[in-house]
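Inside the fold
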Amino acid sequence: MRVYPRSYADWEALGQSLLKGASGNKSEIEKFGLKILDLQKILDDFIKTNAEQEKAKAIVQQATRDHNSVQKQLQKETGNWVSVLEVQYGKNTEKLQEFGFAP
């Protein structure tokens, strides 16, 4: 029973296996109209684009960590502001609306 590739590793392994088999059977492969260089180029592009994708994922993950860190800082700072303003103006004053929150 044939196992179909599902993961990146499966696809890369299949491409490499086909190229390995083709290297020992060049004349036969050419008779079938298959081009080793075409498969090699596509496999190389596949590997290259995967590397680019992994790099992009790492950048997004770092950006998410950075954003979450800044969000925590903002939460702490805005909490401080709200507390100070409520102490200074009182918790039930209309003045708080000027700062974007209601009493």
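Being a predicted model, the structure only gives us computed values, none of them experimental. (Residues numbered from 1 in each chain as written. Predicted model: local features only at pLDDT ≥ 70, side-chain atom pairs only at ≥ 80, totals over all residues. Heavy atoms only, no water.)

A word on the overall build of the protein
- For the protein, the helix and strand inventory stands at three helices and zero strands.
- In sequence order, the protein lays out its α and β elements as α-α-α.
- Taken over the C-alpha trace, the protein has a radius of gyration of 30 Å; the compact-globule value for 103 residues is 13 Å, which it surpasses by more than 25%.
- Each principal axis of the C-alpha distribution contributes one length, and for the protein these read about 90 × 30 × 15 Å.
- Restricting to contacts in the protein with at least 6 residues of sequence separation, those with at least 24 account for 32%.
- For the protein, the exposed area adds up to about 8,900 Å²; of that, 57% sits on carbon and sulfur atoms.
- Charged side chains of the protein number 15 positive and 14 negative; the gap between the two group centres comes to 5 Å. (Helix = DSSP H or I, 4+ residues; strand = E, 2+ residues; numbered from the N terminus. Rg over C-alpha atoms; globule rule 2.2 N^0.38 Å. Contact = heavy atoms within 4.5 Å. Areas by Shrake-Rupley, 256 points an atom, 1.4 Å probe, with all protein chains shown as cover. Lys, Arg positive; Asp, Glu negative; His and termini not counted. Charge placed at Lys NZ, Arg CZ, Asp CG, Glu CD.)

Focus: the pattern of salt bridges
- Going through the model one piece at a time under the given rule, you end up with four salt bridges.
- Here Lys41 makes a salt bridge to Asp45, at a shortest N to O gap of 2.8 Å. Within this pair, Lys41 and its partner Asp45 are both found in helix H3 (residues 36-89), separated by four residues, close to a single helical turn. (Salt bridge = Lys/Arg side-chain N within 4 Å of Asp/Glu carboxyl O.)

Things to note about the environment of Ala56
- Summarising the element assignment, Ala56 is placed in helix H3.
- Separated by 36 residues in the primary sequence, Ala56 and Asn92 place their C-alpha atoms 49 Å from one another.

Digging into the packing of aromatic side chains
- For the coordinates displayed, the defined rule picks out two aromatic pairs.
- Taken together, a centroid distance of 5.1 Å and an interplanar angle of 20° make the contact between Tyr8 and Phe46 stacked. Within this pair, whereas Tyr8 is found in helix H1 (residues 8-23), its partner Phe46 is found in helix H3, the two being separated by 38 residues in sequence.
- Accessibility expressed as a relative area gives 27% for Tyr8, which makes it partly exposed. (Phe/Tyr/Trp six-rings, centres within 6.5 Å; stacked < 30°, edge-to-face > 60°. Buried < 20%, exposed > 50% of the residue type's maximum accessible area, 1.4 Å probe, protein only.)

Regarding H3
- With 54 residues, H3 ought to run about 80 Å at 1.5 Å a step, and its terminal C-alpha atoms sit 78 Å apart, in line with that.
- Among the residues making up H3, those that are buried are Leu43, Asn50 and Leu85.
- Buried residues belonging to H3 abut H1.
- Positive backbone phi, at 90°, marks Gly90, one or two positions downstream of H3. (Expected span 1.5 Å × (residues − 1).)

Quick word on the packing of H1 against H3
- One way to put it is that H1 packs onto H3 with a least axis distance of 10 Å and a crossing angle of 155°. Taken together, H1 and H3 sit at an angle that is classed as roughly antiparallel. Our pair here, H1 against H3, has a crossing hand that is left-handed. Packed against H1, whose contacting residues are Tyr8, Trp11, Glu12, Gly15, Gln16, Leu18, Leu19 and Ala22, the element H3 presents Ile36, Leu39, Gln40, Leu43, Phe46, Ile47 and Asn50 at the interface. (Axes fitted to C-alpha atoms, helices over the stretch in contact; angles between N-to-C directions. Parallel < 35°, antiparallel > 145°, perpendicular 65-115°, else oblique. Left-handed = near helix turned anticlockwise from the far one by under 90°.)

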